[in-house]
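Reading the structure
Listed below are the residues making up each chain.
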Amino acid sequence: MTAPRRDRRARAALPRAARLGSLAWLALLALLTLEAGCAAPRVARAVDGHVLVGRRIDARAYALYAIGAEAEARGDLATALQAYELAEESDPDSADIWTRIGAVHCRRGEQQAADEAFARARAIDPDYEPAYREHARCDLAAGRLEAALGRVERAILLDPDRDDGLLLRAEVLRRLGRTDDARRALRASLVRRPRSVDAWRALHAIAVESGDRASAEQAARRLRELAPPGGAAGRPPPSRGALAELDEALVQGQLRRARRLARDADLPPAEVAVRAAALGRAGEAREQAELVSGADPASASALVALAVAADLSGDVGALTRACDALHAAAAGGAPTVPPSPLARLLFAELLFRRVGRDAALTWLGPLPPPGAADPLAHQVAQRVQRELAAGATAAP
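Residues numbered from 1 in each chain as written. Predicted model: local features only at pLDDT ≥ 70, side-chain atom pairs only at ≥ 80, totals over all residues. Heavy atoms only, no water.

Attention now goes to the pattern of salt bridges. Under the criterion given, the structure shown has 34 salt bridges. The shortest N-O distance in the salt bridge between glutamate 171 and arginine 174 comes to 2.9 Å. Taken together, the residues glutamate 171 and arginine 174, both in helix 9 (residues 163-175) and three residues apart, mark about one turn of the helix. Each member of the pair, glutamate 171 as well as arginine 174, carries the same accessibility label: buried. Here arginine 259 and glutamate 287 are joined by a salt bridge, their closest N and O atoms 3.8 Å apart. Taken as a pair, arginine 259 in helix 14 (residues 255-264) and glutamate 287 in helix 16 (residues 282-295) lie far apart in primary sequence, 28 residues in all. (Salt bridge = Lys/Arg side-chain N within 4 Å of Asp/Glu carboxyl O. Helix = DSSP H or I, 4+ residues; strand = E, 2+ residues; numbered from the N terminus. Buried < 20%, exposed > 50% of the residue type's maximum accessible area, 1.4 Å probe, protein only.)

Here we come to helix 12 (residues 213-226). When the terminal C-alpha atoms of helix 12 are compared, their 20 Å separation across 14 residues agrees well with the 20 Å that a helix rising 1.5 Å per residue should span. Residues of helix 12 that are buried: Ser215, Ala216, Ala219, Ala220, Leu223 and Leu226. Projected onto a plane normal to the axis of helix 12, the buried residues spread over an arc of 130 degrees and lie on a single side. Packed against the buried residues of helix 12 are helix 10 (179-192), helix 11 (197-210) and helix 16. (Expected span 1.5 Å × (residues − 1). Arc of directions from axis to C-beta. Contact = heavy atoms within 4.5 Å.)

Structurally, a disulfide amounts to a covalent bond that connects the sulfur atoms of two cysteines. Counting across every chain of the model gives one disulfide. Two residues share a disulfide in this structure: cysteine 106 and cysteine 138, whose sulfurs sit 2.2 Å from each other. Looking along the S-S bond of the cysteine 106-cysteine 138 disulfide, the torsion reads about 110 degrees, which is the right-handed sense. Separated by 32 residues along the polypeptide, cysteine 106 in helix 5 (residues 95-107) and cysteine 138 in helix 7 (residues 129-141) bring together distant segments of the chain. Overall, the relative accessible area of 17% leaves cysteine 106 in the buried class. Judged by its relative accessible area of 1%, cysteine 138 is buried. (Disulfide = S-S within 2.5 Å.)

To continue, consider the packing of helix 16 against helix 17 (residues 300-313). For the pair helix 16 and helix 17, interaxial distance at closest approach is 8 Å and the crossing angle is 145 degrees. As helix 16 runs across helix 17, the sense of the crossing is left-handed. Each of Ala282, Ala285, Arg286, Ala289, Glu290, Val292 and Ser293 in helix 16 lies in contact with helix 17, whose residues at this interface are Ala302, Leu303, Ala305, Leu306, Ala309, Leu312 and Ser313. Tallied by class, the residues present in the contact of helix 16 with helix 17 amount to 10 nonpolar, two polar and two charged. (Axes fitted to C-alpha atoms, helices over the stretch in contact; angles between N-to-C directions. Left-handed = near helix turned anticlockwise from the far one by under 90°. Nonpolar A, V, L, I, M, F, W, Y, C, P; charged D, E, K, R; others polar.)

In this section: the nonpolar core. Judged by nonpolar contacts, the single largest core of 46 residues is most densely connected at Leu246, Leu250, Val304, Leu342, Leu346, Phe347 and Val380. Broken down by element, the residue count for this core peaks at nine residues, all from helix 17. Val172, Leu173, Val197 and Leu203 belong to the second-largest nonpolar core, a separate cluster that totals 24 residues. (Core = buried A, V, L, I, M, F, W, Y, C linked by side-chain atoms within 4.5 Å.)

With 77% of its residues at a pLDDT of at least 70, the protein reaches an overall mean of 78. Element-level pLDDT for the protein is lowest in helix 1 (residues 3-18), with a mean of 36, against a maximum mean of 95 in helix 6 (residues 111-124). With pLDDT under 50 throughout, residues 1-54 is counted as low confidence; its partners more than four residues away or in other chains account for 63 contacts. Contacts of residues 229-234 to residues separated by more than four positions or lying in other chains number four contacts, the stretch itself having pLDDT below 50. (pLDDT = per-residue confidence, 0-100.)

Right under this line is the structure:
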């Protein structure tokens, strides 16, 4: 078969493959790449504006690696691992493929397999920065903080211009209790990248956790300036599993663990307080809300959580102060972070109980349905809808 005919057959197969399941898609592309022609042993590639000459990579390995990367991004770790392992069979000397195999094993909780894959990547290329960085990320997830620090610092030495390495080092320092060092690391990163939303977000979280009100307000102000309308700056929502683990920690009264889980899931600190309030954990909600609002007094979600926690515990004075602060924050301009959908629902419920249905509806306004990955938000939304519907029925 000639090369043009092979290309036409591959293109025709792609739309059909898109409708297949992950494993069928994997198998089809693997077969399509088997007929790739031979190439020169070394090739030139353009990377970040530079032409680099390197070894030839098998076309089948390229295709399988792409499948693995897409599956990994979707959280389909079984398909990702299978694709990467098949890619490794075609390109066993790729430090990149072995690094991704290690990262997927780590996410699956297979620590020994992850360590072996990262070691294999470094054996192939002792100066391959991602192998050290991803291994450090895996160490951090496993609580091996000193090992994580050593590996991420080696990664930074190999490539000091990568923001993700610098941010990972700051997070490791924070987890080690070296908050000042973490703050200094982030400040240094921001000198070079003053518009880094991720660095400002990390600085804001550290400032909130340590009660550094001035730094929290500065970081929040910069985030308002840098983040696009809608606020989340393109962050994917936490997975259902991550939210379930966080909620379980709150139900068990493990606030420190809940904070760590929220941090790992890239969930704002205020949302820990909101979820605690939604779960009826008034003590945890109040403690976290006071911590967040103390460092960032314009956080609407934290103030909502504080008000709901006070209402749950029958503290009318604290409820009044939280509502006054919420009003002052709104009157003074846009809050640091607008109240999340879950916070809006909780405050509408509070208004329904304390003021009435009209006040609750005015506050709530049009609210998008909660994401399917958040059962707690669904539960609260259904409860509020039932209460508001019952209130309309009971009205004269």
